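Read off the chains here:
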Amino acid sequence: MIGLLIVSHSARLAEGVQEFVGQISGDQIPVVAAGGASDGSLGTSVERILAGLEQLRSVDGILALVDLGSAVMSVETALEQFSGPPVQISNAPLVEGAYLAAVEASNAEATLEHVAAAALQARELIKVYE
């Protein structure tokens, strides 16, 4: 089973994406929100990210979906201290990527590579038809 780690500069945004993905997947996959700075302000927290990774320790792989580039740096820093299942950081848009990743991860046979590839397909979604 593949788990999703949602990393955002906003705790509320990360929690909202977590809720959305949970509803999409029928709570069939583990999704953890790691948003906001340690003091609750906007930002990212290596400690919160590391705690989220630890919550997902029992899965076969973790796809981290992030909102902005500096969130990537925080995830990379947390990974220096984490020795659990493999983790891949996605370059997909946060909400759409999390949606497609959740759909793919709901398949019990999905691998981390499959889930990561599904998330990246979000970059090609067309939202407005002209």
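Details of the structure are given in the entry above.
My aim in this report is to walk through the structure given alongside it, one point at a time. Computed from a prediction, not measured in an experiment: that's the story for all the values here. (Residues numbered from 1 in each chain as written. Predicted model: local features only at pLDDT ≥ 70, side-chain atom pairs only at ≥ 80, totals over all residues. Heavy atoms only, no water.)

## Some remarks on the side chain of glutamate 96
By the element assignment, glutamate 96 lies in helix H4 (residues 94–105). Apart from residues no more than four positions distant in its own chain, glutamate 96 is found in contact with Ala122, Leu125 and Lys127. (Helix = DSSP H or I, 4+ residues; strand = E, 2+ residues; numbered from the N terminus. Contact = heavy atoms within 4.5 Å.)

## Notes on the sheet that holds strand E1 (residues 2–8)
Across the sheet, which stays open at both edges, the four strands sit in the order E2-E1-E3-E4 with parallel pairing between neighbours. Among the strands making up the open sheet, the edge pair consists of strand E2 (31–35) and strand E4 (87–90). Strand-to-strand twist in this sheet, taken as the mean axis angle between neighbours without regard to direction, amounts to 20°. Sheet topology places strand E3 (residues 61–66) next to E4; four bridges connect them, and they run parallel. (Pairing = 2+ DSSP bridges. Axes fitted to C-alpha atoms, helices over the stretch in contact; angles between N-to-C directions.)

## Some words on the nonpolar core
Judged by nonpolar contacts, the single largest core of 21 residues is most densely connected at Leu4, Ile6, Val21, Ile29, Leu63, Leu65 and Val115. Every residue in contact with leucine 63, bar those within four places of it in the chain, is listed here: Ile2, Gly3, Leu4, Leu5, Gln88, Ser90, Ala101, Leu112, Val115, Ala116 and Ala119. (Core = buried A, V, L, I, M, F, W, Y, C linked by side-chain atoms within 4.5 Å. Buried < 20%, exposed > 50% of the residue type's maximum accessible area, 1.4 Å probe, protein only.)

## A few points about the pairing of E2
Looking down a regular strand, the side chains alternate between one sheet face and the other. Burial of E2 is extensive: four of the five residues sit out of reach of the surface. Relative to E2, E1 runs parallel, the two sharing five bridges. If you follow leucine 5 over to E2, its bridge partner there is valine 32.

## Side note on the packing of helix H2 (residues 46–55) against helix H3 (residues 69–79)
Helix packing geometry: the angle between the two helix axes and the distance between the axes. Relative orientation of the contacting elements H2 and H3 amounts to 60°, with a least axis distance of 9 Å. Relative to H3, the element H2 is oriented oblique. With respect to the hand of their crossing, H2 and H3 are arranged in right-handed fashion. Within the contact between the two elements, H2 uses Val46, Ile49, Leu50 and Leu53 and H3 uses Ser74, Val75, Thr77, Ala78 and Leu79. For the contact of H2 with H3, the per-class residue count stands at seven nonpolar, two polar and no charged. (Parallel < 35°, antiparallel > 145°, perpendicular 65-115°, else oblique. Left-handed = near helix turned anticlockwise from the far one by under 90°. Nonpolar A, V, L, I, M, F, W, Y, C, P; charged D, E, K, R; others polar.)

## A short note on the pattern of salt bridges
Under the definition given, this model contains two salt bridges. The closest approach of N and O atoms between glutamate 54 and arginine 57, which form a salt bridge, is 2.9 Å. By relative accessible area, which is 36% here, glutamate 54 ends up partly exposed. The partner of glutamate 96 in a salt bridge is lysine 127, and the shortest N-O contact between them spans 2.2 Å. Here glutamate 96 is found in helix H4, whereas its partner lysine 127 is found in the segment after helix H5 (112–120), with 31 residues between them in sequence. Overall, glutamate 96 belongs to the buried group, its relative accessible area being 18%. Lysine 127 sits in the exposed class, given a relative accessible area of 62%. (Salt bridge = Lys/Arg side-chain N within 4 Å of Asp/Glu carboxyl O.)

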